[in-house]
Amino acid sequence: MHCINCSTTIEQGGSFCLHCGTPVVVEANASAQKGESTSPAPPPPPQQASQPPLPPPPPPSLSSTAAAAGANFAAALKKGVADIGNAKSADDVIRTVKQNRSLMAVGAGLALLVLVVAFRMVSNAGSPPACGDAEVQTTLRQILNQRGVYNPSIGGIAEESYDSKAETRSCKAVVSQGSDVTRIEYTVEWADKKADQILVSIQAED
């Protein structure tokens with residue numbers, strides 16, 4: 001090492017120059033020779049505060065659960081009624097009611113009402129109404145009123161035959177007005193099947 005003032009060689013470990021007396025700063029010289037920076041180290045980055053975990057979502061309310069259950073019940077009931085409307089026989093209707101829990105849940109009375117209405121719809125979709133159907137009897141009374149038989153009583157209604165190809169029922173009944181009793185024969189057929197309109201014709205009187 002050399003003195004920075006007079007360039008005189010200084011022995012290793014000396015603290016000043018023996019020639020001129022200039023003090024020797026070993027650490028400063030060593031740092032300058034190595035080219036190291038004496039600037040302080042940067043501070044560590046601040047630690048981010050940990051966020052608390054999000055609370056779990058609240059359970060579904062009772063009202064929303066009930067609404068969902070009601071919607072599912074209504075959809076199942078609607079499907080069951082539609083299946084009954086498409087049934088072709090009593091066995092199909094009974095099987096549909098047993099398989100659909102919604103129909104069973106509405107109660108026996110309402111299920112029976114749906115069953116009767118469905119049979120009425122199925123019957124009208126195929127063959128014409130029965131000989132003793134209320135609509136048939138009303139039409140018979142209208143025809144008899146036009147023939148001068150007012151407010152008659154109609155009884156003894158029976159079906160004699162049914163022509164499935166022509167979809168025509170041959171029927172008979174007993175008409176009474178006071179002491180007068182008359183046997184009539186009539187037919188029931190479709191006037192307009194799509195419009196659910198029937199045609200009743202009285203064919204003979206005794």
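Here the structure is a predicted model, which means the values were calculated and not measured. (Residues numbered from 1 in each chain as written. Predicted model: local features only at pLDDT ≥ 70, side-chain atom pairs only at ≥ 80, totals over all residues. Heavy atoms only, no water.)

A. Region of the structure containing the environment of Val149. If you trace the backbone, Val149 turns up in the loop between helix 6 (134-146) and strand 1 (153-163). Put simply, Val149 and Ser176 are 27 residues apart on the chain and 9.1 Å apart in space, counted from C-alpha to C-alpha. The contacts of Val149, once residues within four sequence positions are left out, are Leu144, Val175 and Gln177. (Helix = DSSP H or I, 4+ residues; strand = E, 2+ residues; numbered from the N terminus. Contact = heavy atoms within 4.5 Å.)

B. Focus on the pairing of strand 1. The pairing of strand 1 with strand 2 (residues 168-177) spans 8 bridges and is antiparallel. If you follow Ala158 over to strand 2, its bridge partner there is Lys172. Counted along the chain from strand 1 to the antiparallel partner strand 2, the turn is 4 residues long, and its residue Glu167 has a positive phi close to 55°. (Pairing = 2+ DSSP bridges.)

C. Looking closely at the nonpolar core. Within the largest apolar cluster, 16 residues are counted, with the highest numbers of intra-cluster contacts made by Val136, Leu140, Ile184, Tyr186, Val188, Val200 and Ile202. Counting residues per element, the ones that place at least two in this core are helix 6, strand 2, strand 3 (180-192) and strand 4 (197-205). If we ignore the near neighbours within four places in the chain, the residues touching Leu140 are Ile154, Ile184, Tyr186, Val200 and Ile202. (Core = buried A, V, L, I, M, F, W, Y, C linked by side-chain atoms within 4.5 Å. Buried < 20%, exposed > 50% of the residue type's maximum accessible area, 1.4 Å probe, protein only.)

D. Structural context of the pattern of salt bridges. Applying the stated criterion across every chain, the model contains 2 salt bridges. The residue Glu159 makes a salt bridge to Arg169 at a minimum N-O spacing of 2.9 Å. A residue pair is termed long-range when its members are at least 10 positions apart, and Glu159 in strand 1 and Arg169 in strand 2 qualify at 10 residues. For Arg169, a relative accessible area of 11% translates into the label buried. A salt bridge links Lys193 to Glu167, with the shortest nitrogen-to-oxygen separation between them at 3.0 Å. You can see Lys193 sitting in the loop between strand 3 and strand 4 and its partner Glu167 sitting in the loop between strand 1 and strand 2, a full 26 residues away along the chain. (Salt bridge = Lys/Arg side-chain N within 4 Å of Asp/Glu carboxyl O.)

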